[in-house]
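Residues per chain, in single letters:
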Amino acid sequence: MTPESILKTTFGFDAFRGRQQAIIETLLHGGDALVLMPTGGGKSLCYQVPALLRRGFGVVVSPLIALMADQVAALRQTGVAAAYLNSSLATAEQRAVEQQMLAGTLDLVYIAPERLMQPRCLDLLGRCQIALFAIDEAHCVSQWGHDFRPEYLQLAALAECFPRIPRIALTATADLSTRREIVERLRLHDAQPFIHSFDRPNICYRVAERSGGRTQLLRFIGGEHASEAGIVYCLSRNKVEQTAAWLCEQGITALPYHAGLDHATRAAHQQRFAREDALVIVATVAFGMGIDKPDVRFVAHLDLPASIEGYYQETGRGGRDGRPADAWMLYGLGDVVQRRRMIEQSESSEARKRVERHKLDAMLAYCEISTCRRAQLLRYFGEQPQAACGHCDTCLTPPATWDATEAARKLLSAVYRTGQRFGAQYLIEHLRGEADERAAKFGHRRLSTFGIGTELSAKQWRSLIRQLVAHGYLDVDLDGYGGLRLGERARPLLRGEQPLHLRRDRTPERPSSQAKPRADIAPKDAALWETLRALRKRLAAEQGVPGYVIFHDTTLLEMVARRPASDAEFLALTGVGERKLEAFGAPFMQAIAAHGTLATDVSSQNKAR
Ligand code: ADP
Ligand code: ZN
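Rules used throughout
- Residues numbered from 1 in each chain as written.
- Chains lettered and ligands numbered in written order.
- Predicted model: local features only at pLDDT ≥ 70, side-chain atom pairs only at ≥ 80, totals over all residues.
- Heavy atoms only, no water.
- Phe/Tyr/Trp six-rings, centres within 6.5 Å; stacked < 30°, edge-to-face > 60°.
- Helix = DSSP H or I, 4+ residues; strand = E, 2+ residues; numbered from the N terminus.
- Buried < 20%, exposed > 50% of the residue type's maximum accessible area, 1.4 Å probe, protein only.
- Near = heavy atom within 4 Å.
- Polar contact = N/O pair within 3.5 Å; in protein donor to acceptor, adjacent residues only side chain to side chain.
- Areas by Shrake-Rupley, 256 points an atom, 1.4 Å probe, with all protein chains shown as cover.
- Nonpolar A, V, L, I, M, F, W, Y, C, P; charged D, E, K, R; others polar.
- Domains from an automatic or database assignment.
- Contact = heavy atoms within 4.5 Å.
- Buried area = accessible area lost by both parts, 1.4 Å probe.
- Salt bridge = Lys/Arg side-chain N within 4 Å of Asp/Glu carboxyl O.
- Pairing = 2+ DSSP bridges.
- Axes fitted to C-alpha atoms, helices over the stretch in contact; angles between N-to-C directions.
- Donors = N, O, S within 2.8 Å, 3.2 Å for Na, K, Ca; no water.
- Tetrahedral: all angles 85-135°; square planar, octahedral: opposite > 155°, others 65-115°.
- Parallel < 35°, antiparallel > 145°, perpendicular 65-115°, else oblique.
- Left-handed = near helix turned anticlockwise from the far one by under 90°.

1. Considerations on the packing of aromatic side chains
1) Next: All chains considered together, the criterion is met by 15 aromatic pairs.
2) Next: Relative to F584, the ring of F551 has its centre 5.8 Å away and its plane inclined at 70°; by these criteria the two rings are edge-to-face. One end of the pair, F551, is in the loop between α25 (547–550) and α26 (553–562); the other, F584, is in helix α28 (residues 578–608), and 33 residues separate them in sequence.
3) Next: Centre to centre, the rings of F551 and F588 are 5.1 Å apart; their planes meet at 80°, and the pair counts as edge-to-face. Taken together, the residues span a long stretch of sequence, with F551 in the loop between α25 and α26 and F588 in helix α28 at a distance of 37 residues. Taken as a pair, F551 and F588 share a single burial class, namely buried.

Right under this line is the structure:
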């Protein structure tokens, strides 16, 4: 067997992607590898194929016990002898897996890190033939990251315990410091690095100014992603609960997920998300690592993420199957204030706060950018992308910019003259000359800045304030009531020494409330598509696995387009290997054939009339 033949006969794919083949060759020759690839890039095949080719079984270390069963089920469907060892198994089941390991009848074994490093397990492994170690989600060794798992630090010992067995560490976290930590802590100094581009061309990045929040979300889901799976990220547990409940009231099936829910509820919600086609999960950042559901069609952020790294990882959970997905975010002045406050009021060291401020600034610059968003993201990860991708909101409808020099000077003067202690609302009313009891009380009506800003609407002033705060011209008093002060960069602007151009806000969502037709299914094929989906759902339920474990949407779409009628035609579909042909070829081809006769019947009846 060669890597290519395994790819075709077992996994049903025609060609390797990117550097998969080079990574596989490295392991086959006994070398170590460090793989950085975006989510959906195809990391799993990099260790699955060599595990099948080398003698013995591959040990896959993964922190996500809840997902192991599904991963193993998916492999078994393709005919791979896979098993897992974690605390969810009964003792007898564990013994059975251990027997298979010793007997050498397995291809892949998934093991939780804390279990792997137990003396008993290491001893068992010492008596087995091991093909390789794959350390998935390797960024969990990073003590700076939010996915840190102390158990991962112990994995360094694998280098000594099993010096002759190749190790591969994989992650979708892109930044350089994490990469260095992985090499250091897992002792992968001799590993060959494979750093892929982090571009996710099928994801469309969009950021909208917040105006109403929930209704915007409803319009987005209802209008563009009705009956599709998606993730909605919120900052607080409370907001998660409320948003999920509210979506349900609006007729959208949504479930909450956050670290405050008990373990069983979280596992149940995660399971339903994996199993169902059209479920929305509303979650804090606690949700998502290792979720390998391929058909997540959107990731929405109702609150500003703390960093581009986090944002990119979360949005990357959309569109793993390569089909179009949306990364959609709402953003407003309140987010900037809230995030800044969280940093200043945290217990962290000053050094850490500096890093966090820096990360937040990069995130804000991303939100306020008027050129290509994707290019900005990729530059952040050290790539040199094309200037414009043509597939993000700023590329699709370039935002207008305007000369905000004069307006900014008026605003900064008003901040200064009113004593640098009032919030946005008061300042806007002041500039627009709107009566307020406090204005009279403080004598502000007599100031030269009172009423000098009638040319802009309250909304436009608010947008200007947000951008000035994001760019550091204004600071927010985080200890008090959110009063605005002149920021470090304000002086030259106030003195008229520097012009300022800003983007004009707009509402980029489609105002339509109608569902968007699916671009990839012609209306005449819609019925067959639904039939095949229903068949997949029934088969999946019978076997107790998620639908995508039977076939991905990509494979079903090919069936609709090509209508295979023979084994050879069915085997030619992407994602169909010999095992899946044997297990599912007949029912799917029957459904397609039945649909064909039905369609002909209808058309001949029509002709007869
Ligand atoms: P990752 O772990 O990097 O997020 P996966 O290993 O889950 O990504 O792969 C993402 C998707 O791409 C899966 O649906 C997988 O079947 C598919 N895939 C991976 N490699 C190939 C390939 N060479 N050809 C076609 N599809 C592939
Ligand atoms: Zn773009």
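On we go from here.
2. Section: the site of ligand 1
1) Next: Of all residues adjacent to ligand 1, which total 15 residues, the nearest are A15, G40, S44, R320 and H552.
2) Next: At 2.5 Å, a backbone N or O of G40 approaches an oxygen atom of ligand 1.
3) Next: A distance of 3.4 Å separates an oxygen atom of ligand 1 from a polar atom in the backbone of G41.
4) Next: Protein contact buries 84% of the 560 Å² of open area that ligand 1 shows by itself.
5) Next: Among the residues forming the shell around ligand 1, the class breakdown is 5 nonpolar, 7 polar and 3 charged.

3. So, the domain arrangement of the protein chain
1) Next: Per the domain assignment, the segments making up the protein chain are domain 1 (3–195), domain 2 (203–396), domain 3 (401–503) and domain 4 (523–608).
2) Next: Using only C-alpha atoms to locate each centre, domain 2 and domain 4 end up separated by 34 Å.
3) Next: Contacts between domain 2 and domain 4 engage 10 residues on the former and 11 residues on the latter.
4) Next: Across the domain 2/domain 4 interface, buried area totals approximately 860 Å², and carbon plus sulfur atoms make up 51% of it.
5) Next: Its largest share of buried area at the contact with domain 4, domain 2 owes to R275, D277 and R323, together 51% of the area lost on that side.
6) Next: Where domain 2 meets domain 4, there are 1 salt bridge.

4. Topic: the sheet that holds strand β4 (residues 108–111)
1) Next: Across the sheet, which stays open at both edges, the 7 strands sit in the order β3-β4-β2-β5-β6-β1-β7 with parallel pairing between neighbours. Pairing within the sheet leaves two strands with one partner each, and these edge strands are β3 (82–85) and β7 (192–195). Within this sheet the neighbouring strands show an average axis-to-axis angle of 20°, counted without direction.
2) Next: In this sheet, strand β6 (residues 167–171) lies alongside strand β1 (residues 33–36) in parallel orientation, the contact comprising 4 bridges. In the strand pairing of β6, L36 is matched with T171.
3) Next: Its contacts with the sheet place helix α5 (residues 91–103) against β2 (57–61), β3 and β4, and it is angled at close to 125° to β3.
4) Next: Sheet contacts for helix α10 (residues 176–185): β1, β6 and β7; angle to β1, the most-contacted strand, approximately 155°.

5. Here's the deal with the coordination of the zinc ion (ligand 2)
When four donors bind a metal tetrahedrally, each ideal donor-metal-donor angle is 109.5 degrees, and when six bind octahedrally, the ideal angles are 90 or 180 degrees.
1) Next: Ligation of the zinc ion (ligand 2) by protein atoms is provided by C372 (SG), C389 (SG), C392 (SG) and C395 (SG), these donors lying 2.3 to 2.4 Å from the ion.
2) Next: Between the 4 donor atoms coordinating the zinc ion (ligand 2), the angles at the centre fall across 101 to 118°, so the site counts as tetrahedral.
3) Next: All donor residues of the zinc ion (ligand 2) come from one chain, and their arrangement in sequence is C-x16-C-x2-C-x2-C.

6. Here's the deal with the sheet that holds strand β12 (residues 296–301)
In sheet architecture, strand pairing relies on hydrogen bonds along the backbone and comes in two forms, parallel and antiparallel.
1) Next: Spatially, 6 strands are ordered β8-β13-β12-β9-β11-β10 in an open sheet, and the strand pairing comes out parallel. Each end of this open sheet is capped by a strand with a single partner; those strands are β8 (203–209) and β10 (254–257). Each strand of the sheet is rotated relative to its neighbour by a mean of 15°, with strand direction disregarded.
2) Next: Against the sheet, helix α12 (residues 237–249) contacts β10 and β11 (280–283), and its axis sits at roughly 170° relative to β10.

7. Some words on unusual backbone geometry
1) Next: The phi torsion at E137 lies on the positive side, around 50°, for a residue other than glycine.
2) Next: Note on placement: E137 falls in the loop between β5 (130–135) and α8 (150–153).
3) Next: We note that R187 has phi near 50°; this positive angle belongs to a residue other than glycine.
4) Next: Tracing the sequence through the fold places R187 in the loop between α10 and β7.
5) Next: Among the residues examined, R187 registers a relative accessible area of 38% and is labelled partly exposed.

8. Some remarks on the packing of helix α16 (residues 350–368) against helix α17 (residues 373–380)
1) Next: For the pair α16 and α17, interaxial distance at closest approach is 10 Å and the crossing angle is 160°. With respect to α17, the element α16 is oriented roughly antiparallel. When the axes of α16 and α17 are compared, the crossing they make is right-handed. Note on element contacts: α17 touches α16 through R373, Q376, L377 and Y380, opposite K359, A362, A365, Y366 and C367.
2) Next: A per-class count over the contact of α16 with α17 returns 6 nonpolar, 1 polar and 2 charged.

9. Details of the pattern of salt bridges
1) Next: All told, the structure shown has 37 salt bridges when counted by the stated rule.
2) Next: Of the charged contacts in the structure, one is a salt bridge between R297 and D321, with a shortest N-O distance of 2.9 Å. Note that R297 is positioned in strand β12 and D321 in the loop between α14 (308–315) and β13 (325–331), a separation of 24 residues in sequence. Like R297, the residue D321 is buried in the burial classification.

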